[in-house]
Structure formats: structure tokens, C-alpha cells
2 protein chains.
Amino acid sequence: MNLKAALTEWTGLLGTGGVASDTQTLDHYARSTMPKGTRPAAVLYPQTTQDCAALVRIAAGHHCPLYPLSRGKNWGYGDACAVSDGQVIVDLKKMNRIIEVNEELAYAVIEAGVTQGQLSDYLLNNHPGLILDVTGAGPDASIVGNTLERGFGHTPYGDHFTMSAGYEVVLPDGNVITTGFGHHDHAKTTYCYKAGIGPSLDGLFTQSNFGIITKMGVFLLSRPAHVLAFAIILKDNNTLSRCVDALRPLRHAGLLQSAIHIGNDLRAMSARGHYPWDQLQGQTPLPKNLRETLIKKMSLGAWNVVGAIYGTKGTNRGVKRELKKAMRGIARVKFFDEALLKTGIKILGVTRRLGFGAKLLEMANAVSPVFDLLMGRPSPKHLSGAGWRSRRETLKDNPDPLDNNWGFLWVSPVVPMTGDHALRILKIVEPVFEKYRFEPLITMTAITARALDCVMTVAYDRENPAESQSALTCYDELFAAILREGYPPYRCGIRSMSKIFADKSPYAVFLQTIKTSIDPQGIISPGRYVPL
Amino acid sequence: MNLKAALTEWTGLLGTGGVASDTQTLDHYARSTMPKGTRPAAVLYPQTTQDCAALVRIAAGHHCPLYPLSRGKNWGYGDACAVSDGQVIVDLKKMNRIIEVNEELAYAVIEAGVTQGQLSDYLLNNHPGLILDVTGAGPDASIVGNTLERGFGHTPYGDHFTMSAGYEVVLPDGNVITTGFGHHDHAKTTYCYKAGIGPSLDGLFTQSNFGIITKMGVFLLSRPAHVLAFAIILKDNNTLSRCVDALRPLRHAGLLQSAIHIGNDLRAMSARGHYPWDQLQGQTPLPKNLRETLIKKMSLGAWNVVGAIYGTKGTNRGVKRELKKAMRGIARVKFFDEALLKTGIKILGVTRRLGFGAKLLEMANAVSPVFDLLMGRPSPKHLSGAGWRSRRETLKDNPDPLDNNWGFLWVSPVVPMTGDHALRILKIVEPVFEKYRFEPLITMTAITARALDCVMTVAYDRENPAESQSALTCYDELFAAILREGYPPYRCGIRSMSKIFADKSPYAVFLQTIKTSIDPQGIISPGRYVPL
């Protein structure tokens, strides 16, 4: 690795503003929600696909490993950090052009640096009939980055990988290809039909290190005539199990077409405030009696379900009836549409002072920010849960986890969508959290008709070294447990990437064979998912 | 290539019943709906995945190229024929075990040789709450084969690639891997969540030659509470264009969740009988006046739309209202549910004799076999259109295109789902059909909210050498035209596989690099989609 020579060439290519290797910049990129991030050797800021192709060739010439990122908001899974120290970050944030919005066919073509806030605002101002499915990661997170990690949102277009097409990829040899039909000159269907012809390559470029994705098509949702949000409060694990089994057939029947979000009491508390450090004089974990007091105070269930029905008033009425029927004997379902939420919160505020409706108001207040997500509006409010164990005040108007120095790690097993499996995963993970004195902050999202994506937060005080160490051990034990028990995660953090494929297994060897053939020097993101 | 030595070893592995190289067998596998198929060197019949792994190793040892197929019903695209002569067919028909049906999570795990009739019957008898999405290729066609070609059916699970997971693959080196989470021991989510963790490989193994797929999970549809089929008769191309534009928003809104099938008058005629050879004394193509007479006689539209709404009676009522509203001023929509179809056809038969209802009866009769597909019942009736130009009587109870010696080739461009593009593709292809004196038999299926999969049949009399030659030239010209105009096909026949990737383009080179790395000898299906 001849970094110095490479930096000179990169500076020639990108200008001095396109290359940074000063301590302050490197410190900034080394920040992490983990106790310790990794530190890059330099940071590059290309402005075009051609820049990317050229900088890859320079990297290859000097054996410098590159770590491309879209916006670096991969919080809880490694942030902007490469898998190992000394890689050169390729920050694509300057490549943030919205190249096309096709209103008829409902897609956008965007560069890798476009944020969900940016595209969402652009649509609102220019194409109000179209909606972007967004994640809870706030307006500054990248759309392409999330898609490549196979992240998910909350509308019927929640599966971002499936809802994207035509990836422009800078390969490790500096060649540029476009997936799907994009390799055909003048193809009119590159952003209409994902698979193209011949082997479908999109999947290969997600959760991998086979190239730098610089551009892609993103399918957009038509603004629905009517969205009916619903909330269900479940009193215990038994009702959770029955609820999962009751919701599944509605997913299968296509009556519920979008993700259904199920969070436990602790996860809901974490969204409303930090751990009560003062009250407990530093004691951990949260004692049972205080947990129960908080549940009552916040009108929470042991589990809290939020989802939405998309359609017309007429069709939504039909689905509403089925949902109520399915939940009969399990729990009551509350329905909210946008109009009701806007006026209802005010009215409920009044009735509450009169002594009733408190629970409903709490529910409406809780649903309100979620409703933003259900309507494709990215909201920074959903990040706050990650600061649960922080002893600091959250910065004013800035819930950025790194700026706030929040400590958390995410473990995200996929579980078959049955009540039985939902309970089994809890039995596996809850004792591990308890052992290390952490609260199990857990969500289970019915991402498809068959799978729950669980996101479990190991939240810790990053300014307490002992607690930080415990968090790592707890995380590692959780990760090992979910693999051992047959619930591998839908994505994972840089700390665990070397653990997902059994060493020398035919599967690992197959991935390594492909990696070696297209990137013999290991230039792109060494160690990222692929074990090379 | 040392075939003799390989045959000896394969016979040792599979027994004499597992290997065939007699003239009669080779003739049988060389049959094609094209004027000329390719001829294999031998045919192997493995019974297990282990057989496949072992026979691949033998093939590698003797440099014998293999051509795996599930059932060989790839009619119109190459049938059971390899891309070139002299490959050794691996017929997986003996691997036809239904390994698991999971009723809760609605999936089946099947071997490659399972037919759609077999699984459909099995579900009806053992799991009547579950439905398999089927294609129009009849009960004997393979599910896995169709999925790997990214074929499509007619229910909300019509996109077979998306609705499958956990592929077991015998690699060219004889190693066996399972995609998605299947590489994790005891993973409970292999057939619940397609992507797994790390690069998602399913797409790589479709329309390619990177391995032999021996097993996969197939998602099943829950039997809907209510299915409401609809039919629309469009009088001309202008109404077709407006109809496509009117249906698209309903697809986008998720109100119409399944494929919508749109066929022209000629395609509809071909489903009802052969070309009127006698009446025309051998003259081609069909004269305009006779075409109009037949349209009238059969109560056809210039374009004929069939689709279905899936849900409950209540939600279907809401969608029905939207569909009628969308089609206002374009055409009337007729609705049929199963009960109506069963009794209605009888009643209409009576009213027709009284002099009215003829058009409705014709429509109900036309919808009835389509309704089978909409309900997941594979029907052989849909194959008959492929015999349009045959001068022979169709064999009794046997619509197998090869047994009937039917001549046809399919060209299947993907077109953005807009009325404008629908008309543009017609302007491109119709003159080519006319030039060669063939009838443009055309369907356009709204397979997603953004794309029409067009299937265009070049039907010809396989027993007429001059017409056969014209068919090939017509097909080649059509294929070149759709590529040139930017409408590449969603799949293609063995005749065209060398034409889909521009020679030495970065995309072709990338595919070749992968192929070479995992199959350096080119053992698996040389030339199949991948240009090596």
C-alpha cells in the first residue's frame, strides 16, 4: 500500500477539496455508536461516476483499500466506519443529484448521496402525487445506502431492495455497468422492470463489496387516496403471540400490504425519554416496579403495534372490518386517519384536562410521528430511542447519535412470522440482556407475510468504560445466540461480519471465488460481508 | 471431451436406467417448436442432489458439457434443447419430491422436477387453504424451471422469482450451497425471507448457467375469501392505450394486485381454433375481411382484457367501484365470480337460444379457463393458441406442442406500462409480422405496476419448409427490432441468447469473469444466457 503516492494522484483527480487526510477529518469519520470505531487512512469526495472509476483505478495501482459510503449514517451497525482500520473512505455525499422523476411510472433515478429528506422534499414540492418510502433514520440518511443494506420502511414499498432497479456500479477494475436492462443502449425499461435479462445482479451488489453503487432507480408509491393507521396495545407476551398469528393471514391475503411495527414497552419508553438515571442513582437495569410505573404513566402495552391500511375509503373500510374481526378477543384496535390525528390530538388535549381520554391522547401522540413514516415523511424523532442510556441532555434539535455520543449496537434477527417464534426469540435474548444489566429494547416488524425483522438495541452509556465493555460482550453473546438458534440477522454491523459465514464452508468459498475474480487485489471494502 | 468414459462412470453412478444415449431418446429430446432443435449427446436422470453433485464431477473430469432441465417444457424458447448440439442433458424429472408444505407460513419446498399439476393437486387434496400460482403452460410444466426463467402467472403471486427462496444449487465444482439463509445450519427462515444475509444470490442463478438448481422454496397464496374476475373488451388500439393508462394507477395503488392479461383479437382467435386453411385455400396472412368476420362471430374485441381482484367480498366491492370508475368512457367492465361463472354459463346458454346474451356467453366461456389460472388451477387449454398455423387436427386430449408438431417461436419484449409505449411496440412489430405473412398474435401482461410483458407468437406450419424459413427470419427481425428500439425481452429462446449482450461490453465481460471463476471448464449449459 502506497498511500502517499495514491493521495497525490487522487488530489490531481479530485482537487484538494476532494481529498482529506487531516486528523480532524479522520477523527470525525472514526466516530461510532460502538465503544470504538475504526479509523480511515483518508477520505475522498468524488463528484461523478467518472471520478469514482478513476479513483478506483488509482487505488488499484497503489494497493489502497477503499470503503465507499453514501452518507455514513449506518448508526448502530458501524456508522461511517470501514470493517478495519486504514481503509480509504469514498464519501459519495457530493453525488447527490436527483436525475429524473418519472411521474407516470412512479420512479426516481438518484445518485448515491441523495438523502431521504432531500428526495422527500423534492417530491412534495414538484410531484406531490408521489411518495418515497422512508426509514426511521431521519432526513439525512441515504436512500441508496439503506437499499444496499436491504433496509426497510413502513409503507407498502417498505422492502427497499425489491423496490429499486437499474444500479449503476463502478466495478473494482474501474469499469462501469448498469444492472437490469441498463446494459442495453436506450433501454426504456431500466427503471420499470428490475430483473432485466440474463442473470439478475442487483442482489449481488447488496450487502457485499463487489463495487461502488453510484446511481439507482427507486420505485415511488402513488399517494394513496386514503391511509388508515391502526394501533393495538397488547398487555402481555401471550397476546403478542396471538396477535402475530392473527395478523399473518391478513398479510397473506394482501389486505395488509405494508410493514407492521411491533415494539415492546421498553422500546416505547426509550422513544419518550432517557433511562431514569437520577431516580435510580445510577442503578441498572431498570427495576421491575419502576418499569411497571412507567408503563402505566405512559399508557403503554407490553407490546405496541402500529401499522396502516392503504387504499380508498371504501376498500379501507373493508380491511378495517377484517382487522377488527381478526383481533376480536385479543385486543382492541384503534384507527386513525390523517384528519382525525390533526384535529383529534387537540380535542383529546382538552378532554384529558377533564379527566378522560388520557390513554387515547397518549396513543394519538405516539402514533403521530409514526404516521409521518406511514406517509413517507422522514422524521428525526425516531432516532431518539437510541440515546436511552445516555446521561446527557440531547442536543437541541439535533438527534444525531454521533453528535450526542450515544452508545448503542443493533442486533436484528429475522424470525418466521408466527406467535410461537416471536416468543422463542424473546426467550433466547432476554436472559442475555438481563445478564449484562441492559434493558431489552425490542421491535418486531412484520416486513413480509412470512418474516418478522427484529431490531434489538443494546443501549449503553458510552461515557462509562465498564458499561461499554459489558455492551460489547452482551452484543457478541446475542449475536452468537441468534445464529446458534437458527435466526440469522437481516443485516449486521462491522463487528460481526466475520462471523456470518462458516469458515471454509462451500458458501463462503463461493463468495470468495467471486470476490477474487472481480477484485483480485481486494480494493473494495475488504471484509464487508464477504469474507475477503 | 471424452463422452464414452463419462458415460461409463455415469452408468456406474446412476445405473443403466439413469443414462440414455440411444437414437430414439436423443431424437425425442431434439424435438422443438422451432424448425430445428439441437441434439444432445446423452441424457442423464439423477434421483438425488448427491447424484447431481457426483455427475457434475464426472462431467468435469471428462470435459463434457451438461444441460440441466427440470421438465423440458420450455416450448417456444428452445423446449428441452441445449443452446448447442452435443451437450449432455441432465433431466431432473425423477427428482420430483414435495419435501414440505408449511401451512402456517404458506410455502412449499420442492425438488426441481415437481410439476405445477402435481403440486396444485397435492395442495387441493392436503392443504386446500393454499394455492400455487401457475402459468398457462399446463399441468406438466415445471415450477422450478419456470421460476428460473423468471416466468409469471396470474395471481398476486405471479412473479415467480420474487415468490421463491432458498435455492439448493449444485455448483460446477460439485459443491452444494443453499441461497438466502440456507447456508446457516438450522436456519428457521430459509423459506420465509428471500434475501438472507450477505450478497443475495438468487438472481444470479436465474437465466444463467452457474449451477444446477435442485430444490427451492415456493411461496403459496392463501386461498382468497373472494375472487372477482373482470373482463374488458376494447374496440381498437386507441382504447387499448387509454385502458393501459387507466389501469396503471390501480396497479400503483395496490388495488389491483395481480397480473392483468391483455390479448389481441388474433391471439384470442388462436385460442379457439386453428388458422382457417381450408376456407382460404392455403393463402396467408389472414385477410382483413375474414379477420373482421371472425372478430364478430367470436364476439371479440381488438383487445381483450382479463384480470381479477383478490380479497374479501367487502374489499372487492370497493376495488370494483374504482375499476368501473377508471374505465368510464373507455369500455364497460364485466365482473364474474366463481359462483356466477358456474351457474351463469348454463343460464346464458339458454338465453342465447332465445336470441340474446351471445356476447356475454362468449365472454364467460372465454373467461372460464382463465378463471382456472386466476385460482391456481393449471389448465392445458391455454397451450392451444400455439397451434394456430398447424394444418393437423390437434391430438385428442393432448395439447403438447411437440407431440402435435406445432411450429411457433416466442418474442417477449418488456414495455413500460403506458398506453403510449403499448402503441409504439405495436408499430415496431406489426409491420414485421406482415412482411413475412404471419399474424401478430400478441398479449401484453401488466406483470408489475410499471411493466407490460408482451408475448408475441410467430406461429407457423412446421411441416411447410418455406414457411418455417420465413418464421425464423421473421423471428430474428423481431428480436433485432425490439433490442434496437429499447425494449429488450424478459426471457429469450436459445436461438437468441448470443445476441442479448453486446460483445466485449463491460457487462458481458463481468458475466464472463464470474462464469470463468466458478466454472472454468464451462461444464454447465455453455452459452445459456451468459456468453460463455
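Residues numbered from 1 in each chain as written. Chains lettered and ligands numbered in written order. Predicted model: local features only at pLDDT ≥ 70, side-chain atom pairs only at ≥ 80, totals over all residues. Heavy atoms only, no water.

Put simply, the two copies of the chain differ by a rotation about an axis and a shift along that axis. Placing chain A over chain B gives an RMSD of 0.0 Å and needs a rotation angle of 180 degrees, together with 0.0 Å of translation along the axis. Here the two chains are linked by the operation of a two-fold rotation axis. No C-alpha of chain A approaches the rotation axis more nearly than that of Thr315 of chain A, which lies at 2.4 Å. A shared binding surface is used by both copies, with 100% of the interface residues of chain A retained as interface residues in chain B. (Least-squares fit on C-alpha atoms with pLDDT ≥ 70 in both. Contact = heavy atoms within 4.5 Å.)

Glancing now at the pairing of strand S18 (residues 441–446) of chain A. Residues and elements named next belong to chain A. A large share of S18 lies buried, amounting to six of its six residues. Burial along S18 is two-sided: Leu441, Thr443 and Thr445 and Ile442, Met444 and Ala446, pointing in opposite directions, are all buried. In this structure, strand S13 (residues 260–264) lies alongside S18, joined through four bridges in antiparallel fashion. Within S18, the residue paired with Ile262 across the bridge is Met444. Relative to strand S19 (residues 451–460), S18 runs antiparallel, the two sharing six bridges. Within the sheet, the bridge partner assigned to Thr445 lies in S19 and is Asp453. Adjacent in sequence and paired antiparallel, S18 and S19 are bridged by four residues. (Buried < 20%, exposed > 50% of the residue type's maximum accessible area, 1.4 Å probe, protein only. Helix = DSSP H or I, 4+ residues; strand = E, 2+ residues; numbered from the N terminus. Pairing = 2+ DSSP bridges.)

The next thing to look at is the environment of Arg272 of chain A. Residue and element names in this part refer to chain A. Considering the arrangement of structural elements, one finds Arg272 in helix H7 (residues 265–272). Assessed through its relative accessible area of 35%, Arg272 is described here as partly exposed. In sequence terms Arg272 and Leu300 are 28 residues apart; their C-alpha atoms lie 11 Å from each other.

Residue and element names in this part refer to chain B. Along the chain, Asp51 turns up in helix H3 (residues 49–61). Arg97 is the oppositely charged side chain nearest to the buried, salt-bridge-free Asp51, at an N-O distance of 7.2 Å. Setting aside its immediate chain neighbours within four residues, Asp51 contacts Leu13, Leu14 and Pro46. (Lys, Arg positive; Asp, Glu negative; His and termini not counted. Salt bridge = Lys/Arg side-chain N within 4 Å of Asp/Glu carboxyl O.)

On to the domain arrangement of chain A, then. All names here are of chain A. Partitioning chain A into structural domains gives domain 1 (3–91), domain 2 (98–222) and domain 3 (226–484). For domain 1 versus domain 3, the distance between C-alpha centres works out to 35 Å. Approximately 1,200 Å² of surface area, both sides summed, lies buried where domain 1 meets domain 3, with 59% of it carried by carbon and sulfur atoms. The three residues of domain 1 that bury the most area against domain 3 are Thr33, Pro35 and Trp75, which together make up 50% of that side's buried surface. Applying the counting rule to domain 1 against domain 3 returns one salt bridge. The partner of Asp403 in a salt bridge is Arg31, with the nearest N and O atoms 2.9 Å apart. (Domains from an automatic or database assignment. Buried area = accessible area lost by both parts, 1.4 Å probe.)

Attention shifts here to the interface of chain A and chain B. Interface size is often expressed as the accessible area that is lost when the parts come together. If you look at the interface, chain A gives 86 residues, while chain B gives 86 residues. Summed over both partners, the interface of chain A with chain B comes to about 6,900 Å²; 66% of that surface belongs to carbon and sulfur atoms. The interface formed by chain A and chain B holds two salt bridges in total. Applying the counting criterion to the chain A and chain B interface returns 30 residue pairs in polar contact (both at pLDDT 80 or more). Broken down by secondary-structure element, the contributors of at least two residues to the side of chain A that touches chain B are strand S9 (176–178), helix H6 (237–252), helix H9 (313–327), strand S17 (414–416), helix H12 (419–435), S19 and helix H14 (506–518) of chain A. For the side of chain A that touches chain B, the class distribution of residues is 44 nonpolar, 30 polar and 12 charged. (Polar contact = N/O pair within 3.5 Å; in protein donor to acceptor, adjacent residues only side chain to side chain. Nonpolar A, V, L, I, M, F, W, Y, C, P; charged D, E, K, R; others polar.)

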